[in-house]
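Observations on the model geometry
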Amino acid sequence: MEKGEFEKKWGDAFEGAEVSPSDSVWTNIELDLERAAGSKMKRRMLFYKLLAAASLVFAMGIGAVYYLQVTPEGNKNSLATQHETQGVEESPEKPVAANTESNPFGDSEISSAAPGLSATIDNFQADNEPLLADANRSDRVRIEHQSSTESQSRTEHKSPGLQAANHQQNKTPGNENDRGNNALAEQNIASTLDDSGVRNDQTIGKANQELVAMDDNKILDNRKLPPLTLLKNPELIIAKKENESTADPGMVLLAKLRDEEMKYEKEEKKKSQREELWTSVAFGAGTFSPNAGSSSMIQASDIHGLSSSHVNSPSSGSSYSFGVQLGGKIANRVVLVGGVSYLTQNASYMSNIASMESMNLKAELNDMAYFSTNNRAVTTSPYNVSSNLQYISVPTQIGYVVVDRKFAIQLNGGVSSDIFILNTLTPDAADVSKSSQGPGNDSPYRPVLFSGLAGTEFSYRFSDKYRVALNPGVRYALNSMYKDGVSTEASPITYDVAIRFRYIFK
Amino acid sequence: MLDEKELIERCRKGSRAAQRALYDLFSKKMMVVCLRYARSTVEAEDMLQEGFVRVFQSLDGFRQDAKLETWMTRIMVNIALTHHRKKLYLFPMVDIEKIDHQEAPEGLARLHFTELIAMIQSLPQGCQIVFNLFAIEGYSHKEISDMLGISVGTSKSQYARARVILQEKLKAESKQYKAYGEGRI
């Protein structure tokens, strides 16, 4: 059926048609949206509750099974069942070997199942040596039924094992009713007869009487028994796979779901607060140690034969930096930060040399290094001199964001290329004037000093666009601040704390 | 005023104000769509409400290259079909004799769209849906048969029946109109 004018006219009839719905529609939509948001959470909670309940039921089920299998009652039941099965199959018709070791169940099993019966067996064998000897001569002995009401009534007041002995005596091929309740006892008696090859009601009765005075532990000790039988409360040991978790699978699932939930929330939060690119201004202050490894004191004999008093080694000072940085996220938790900063390092020294320029004494450091390059140096009385090193630092750092939230922790590490600008020496002496040394061939300072950087940045985001950070860190010179030709070395260490104000572009 | 793209973006972020703005922008048009599929205004408003909730919840899946109105109309139609589908199971469509009328609808242009909606609402339910889907939404009978889980023949027959009924209604309206014009009413 093709579409024709009819359909076209109907279609056109509704072009631009509008009907206002009642105000209640939007109210209901709002309610539905709120309800949907709420029910989503409710569904989650319900699911968790159901999962927790299911886990509890599962745990209780496992516990019940464990209890039934491990407790003495459980053991008895299970052993009785086992012996019942074996006894039905084997005891009545099975040819009995004359040798006691040929007992198909083993003495130990008998003892473990019914210690009282073991006593019966022992006494039975002891009291009936001649009889047993006769029995041993027979190749096969069949169990015969001899009823003894008197014996049965007597043994009912004794141990279950003894009752079982009487039940065994009452047993006929056609009388199977006793098997169910006394299967264990029946089997034990059957085993007794297997060992001895002879069954004697009177002997059993006698044995039962003697059993009352017997010590179970003694019986067990006298026989070779498997370790399990020596335990009063044997435990069920289930072989476990090596890597199998022992945790409740329901709880594991619950934990996983919670993790997923948190992960989802984190991702959602991150989406709204992502920091991909930012710039920051930083101001840092800290302590500076020149760390001069082999700085030597100038001795009088080193310089024109002049004498010199003792001079102290360079002491520690302070460091200040100011700069701008540009940072960006290069992986989920990895950031790359670069920038440029002005770095000034101050230290106080004691010096006893100065350079002579146009009849003026200018401050010099007491470094052999510099001295070796400065033929105009002369010794002076010791004086304090303040050294001010200035660098343009170009740091490049990789950061790993340990905590990525409003409050963030970031571990930074990297290198910095520190371009030497100037060293100013300000003496604390009236006859020695200030001096400056820039980079150049005649400068003992290396034009570019490479430093390793390490630090931890603690930051707080206080709006969508701003974050303030505190960054304690260390700067360690990877090479000497002096040139290679200089005999002394100095690899300054700076411990500082920088405050950074970060502006987040996106 | 926000453009459509930004409005959608804000709706996606859950801004209630943006959702309200989007609702104000399209609710009247969507109400007409719902009215065509509903049997009453109340039912249409129920569809509209459900449809807009679905729209807000599904905006993440909306592709910007598609037309928003078309996308929303499709959602409304789906909601309407969901509403009717239960009833359609209770009253299965039956194939009727194929009738093919090619004549143009008489007097359609004279009627207000609300009267046309009333006519459509008066159609048997199956005919109403198939008529809307085929004549107004522009679906083919094959598509309709897939959407409703019926045979193509059933779709065609239901549509033919709808056409006959509507033609008769239009003729009746036309006669009444003429009579009114001639002063007999």
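For the structure, see preceding data.
Attention here is on the structure that accompanies the text. (Residues numbered from 1 in each chain as written. Chains lettered and ligands numbered in written order. Predicted model: local features only at pLDDT ≥ 70, side-chain atom pairs only at ≥ 80, totals over all residues. Heavy atoms only, no water.)

Regarding the packing of aromatic side chains
The description of an aromatic ring pair uses the distance of the two centres, along with the angle that the planes make with each other. Overall, the coordinates contain 17 aromatic pairs over all chains when judged by the stated rule. With a centroid separation of 6.5 Å and an interplanar angle of 25°, the aromatic rings of Trp10 of chain A and Phe14 of chain A are classed as stacked. Of the two residues, Trp10 of chain A and Phe14 of chain A, neither departs from the other in class, the shared state being buried. Each ring, one from Phe131 of chain B and one from Tyr159 of chain B, has its centre 5.9 Å from the other, and the planes form 15°; the classification is stacked. Of this pair, Phe131 of chain B sits in helix 6 (residues 125–136) while Tyr159 of chain B is found in helix 8 (residues 152–181), placing the two residues 28 residues apart along the sequence. There is no split in this pair, since Phe131 of chain B and Tyr159 of chain B are both buried. (Phe/Tyr/Trp six-rings, centres within 6.5 Å; stacked < 30°, edge-to-face > 60°. Buried < 20%, exposed > 50% of the residue type's maximum accessible area, 1.4 Å probe, protein only. Helix = DSSP H or I, 4+ residues; strand = E, 2+ residues; numbered from the N terminus.)

Side note on the interface of chain A and chain B
Residue-level contacts link 25 residues of chain A with 43 residues of chain B. Counting the surface lost from both chain A and chain B, the interface buries some 3,300 Å², and carbon and sulfur atoms represent 71% of this. A salt bridge links Arg16 of chain B to Glu30 of chain A; its shortest N-O distance comes to 3.8 Å. Applying the counting rule to chain A against chain B returns 7 residue pairs in polar contact (both at pLDDT 80 or more). Secondary-structure elements contributing two or more residues to the side of chain A that touches chain B are helix 1 (5–13) and helix 2 (23–70) of chain A. The element that contributes the greatest number of residues to the side of chain A that touches chain B is helix 2 of chain A, accounting for 9 residues. Class assignment for the residues of the side of chain A that touches chain B results in 13 nonpolar, 4 polar and 8 charged. (Contact = heavy atoms within 4.5 Å. Buried area = accessible area lost by both parts, 1.4 Å probe. Salt bridge = Lys/Arg side-chain N within 4 Å of Asp/Glu carboxyl O. Polar contact = N/O pair within 3.5 Å; in protein donor to acceptor, adjacent residues only side chain to side chain. Nonpolar A, V, L, I, M, F, W, Y, C, P; charged D, E, K, R; others polar.)

Brief notes about the nonpolar core
Within the largest apolar cluster, 66 residues are counted, with the highest numbers of intra-cluster contacts made by Trp10 of chain A together with Phe52, Phe56 and Phe131 of chain B. With 11 residues, helix 2 (residues 16–37) of chain B is the largest single contributor of residues to this core. A domain-level breakdown of this core finds at least three residues from each of domain 1 (4–90) and domain 2 (108–181) of chain B. Those residues in contact with Phe52 of chain B that sit more than four places away from it in its chain are Ile29 of chain A together with Leu22, Tyr23, Phe26, Ser27, Met30, Met72 and Met76 of chain B. Val378, Val385, Tyr391 and Leu449 of chain A belong to the second-largest nonpolar core, a separate cluster that totals 22 residues. (Core = buried A, V, L, I, M, F, W, Y, C linked by side-chain atoms within 4.5 Å. Domains from an automatic or database assignment.)

As for the packing of helix 2 of chain B against helix 5 (residues 113–121) of chain B
Angle between the axes and distance between the axes are the two parameters that describe a pair of packed helices. Direction vectors running N to C along helix 2 of chain B and helix 5 of chain B enclose 35°, while the axes themselves pass 8 Å from each other. Side by side, helix 2 of chain B and helix 5 of chain B meet where Val32, Leu35 and Arg36 of chain B of the first sit next to Phe113, Ile117, Ile120 and Gln121 of chain B of the second. (Axes fitted to C-alpha atoms, helices over the stretch in contact; angles between N-to-C directions.)

Looking at the pairing of strand 9 (residues 448–461) of chain A
Residue and element names in this part refer to chain A. Pairing geometry for strand 6 (residues 407–427) and strand 9, over 13 bridges, is antiparallel. Bridging from a neighbouring strand, Gly413 pairs with Ala454 of strand 9. Pairing between strand 9 and strand 10 (residues 466–477): 9 bridges, direction antiparallel. Each bridged residue has a counterpart across the sheet, and for Gly455 the counterpart in strand 10 is Gly473. Counted between consecutive antiparallel strands, the loop separating strand 9 from strand 10 contains 4 residues. (Pairing = 2+ DSSP bridges.)

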